[in-house]
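What follows is the residue order along each chain.
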Amino acid sequence: MAIVAARIDGRLIHGQVANLWTTKLNASRIMVVDNDIVNNDLEKTALKLATPPGIKLSILNTEKAAANILAGRYDSQRVLIVARRPDRFLELIQKGVSIPELNVGNMSQTPETRSVTRSINVVDKDVEDFDAINASGTKLIAQMVPGDSPQDFMPLLDKVR
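Worth saying up front: this structure is predicted, and the values here are computed from it rather than measured.

**Considerations on unusual backbone geometry**
Here is step 1: Notably, Leu12 is not glycine yet its phi reads approximately 60°, a positive angle.
Here is step 2: With respect to the helices and strands, Leu12 occurs in the loop between strand 1 (2–8) and helix 1 (15–25).
Here is step 3: For Asn26, which is not a glycine, the phi torsion comes out positive at approximately 55°.
Here is step 4: Residue position: Asn26 is located in the loop between helix 1 and strand 2 (29–33).

Structure, rendered in structure tokens:
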């Protein structure tokens, strides 16, 4: 399978992902990995409506996403994987999915979060998950839009430890 990119974005499919990233990556499929959305018809409908014409969409839990990827179901496609939080990617990696690089995009601020950058906010569990992802050999970068220069994410994360 050609996983052309993996991105954390709390908004999932929106202007940046739907237009800028899919175009830049020449993606043919967006795979949303989320254990809750698969059971939420309203959110699934909104994601389908936000998906650009000509781009296929999969909305899968981590178990099904890993099984499909490892079985080669998307080998002929250019897949952009998107999830809201790092734990989804950690689960994929633990199930044997190779994710060489993970782009940390928008993670919204809440009263419980600490700010890493203007648009990336984390809780303690996120920090633990990022450390585990990094330890697996996956390179973590921060890059909001394709025109931005990617930054090494781990030094940025050190600010909130």
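Resuming the write-up.
**A look at the nonpolar core**
Here is step 1: Formed by 34 residues in total, the largest nonpolar core has its most connected members in Met31, Phe89, Leu92, Val122, Phe130, Phe153 and Leu157.
Here is step 2: Once you skip the residues sitting within four places of it in the chain, Phe153 turns out to touch Val104, Val116, Ile120, Phe130, Leu140, Ile141 and Ala142.
Here is step 3: Counting residues in each nonpolar core, the second largest holds 17 residues, with Leu12, Ile55, Ile59 and Leu80 among its members.

**What about helix 4 (residues 86–94)?**
Here is step 1: Those residues of helix 4 not exposed but buried are Pro86, Arg88, Phe89, Leu90, Leu92 and Ile93.
Here is step 2: Looking at the packing, one finds that the buried side of helix 4 touches strand 1, strand 2, helix 3 (62–70), strand 4 (78–83), strand 5 (101–104) and helix 5 (124–135).
Here is step 3: Just downstream of helix 4, Gly96 is the residue with a positive phi angle, here 105°.

**A few points about the side chain of Ser119**
Here is step 1: Structurally, the position occupied by Ser119 is in the loop between strand 6 (114–115) and strand 7 (121–122).
Here is step 2: With residues near it in sequence (within four places) discarded, Ser119 still touches Gly105, Asn106, Met107 and Met144.

**Brief notes about the packing of helix 4 against helix 5**
Here is step 1: Interhelical geometry of helix 4 versus helix 5 gives an angle of 35° and a closest axis separation of 9 Å. Like other packed secondary-structure pairs, helix 4 and helix 5 cross with a definite hand, here left-handed. Here helix 4 contributes Pro86, Asp87, Phe89, Leu90 and Ile93 to the contact with helix 5, which in turn contributes Lys125, Asp126, Asp129, Phe130, Ala132 and Ile133.

**Quick notes on the sheet that holds strand 4**
Here is step 1: The mixed open sheet is built from seven strands, whose spatial order is 3-2-4-1-5-8-9. Each having just a single partner strand, strand 3 (56–60) and strand 9 (151–152) make up the two edges of the open sheet.
Here is step 2: Contacting strand 1, strand 2, strand 4 and strand 5, helix 4 runs over the sheet at an angle of about 130° to strand 4.

**Focus: the pairing of strand 2**
Here is step 1: Most of strand 2 sits out of view: five of its five residues are buried.
Here is step 2: Burial along strand 2 is two-sided: Arg29, Met31 and Val33 facing one way and Ile30 and Val32 facing the other are all buried.
Here is step 3: Pairing of strand 2 with strand 3 involves five bridges; the strand directions are parallel. Residue pairing for strand 3: Ile30 is matched across the bridge by Leu57.
Here is step 4: Read from strand 2 through helix 2 (residues 41–50) to strand 3, the crossover connection turns out right-handed.

Rules and cut-offs
Residues numbered from 1 in each chain as written. Predicted model: local features only at pLDDT ≥ 70, side-chain atom pairs only at ≥ 80, totals over all residues. Heavy atoms only, no water. Helix = DSSP H or I, 4+ residues; strand = E, 2+ residues; numbered from the N terminus. Core = buried A, V, L, I, M, F, W, Y, C linked by side-chain atoms within 4.5 Å. Buried < 20%, exposed > 50% of the residue type's maximum accessible area, 1.4 Å probe, protein only. Contact = heavy atoms within 4.5 Å. Axes fitted to C-alpha atoms, helices over the stretch in contact; angles between N-to-C directions. Left-handed = near helix turned anticlockwise from the far one by under 90°. Pairing = 2+ DSSP bridges. Right-handed = clockwise from strand over helix to strand, strands pointing away.

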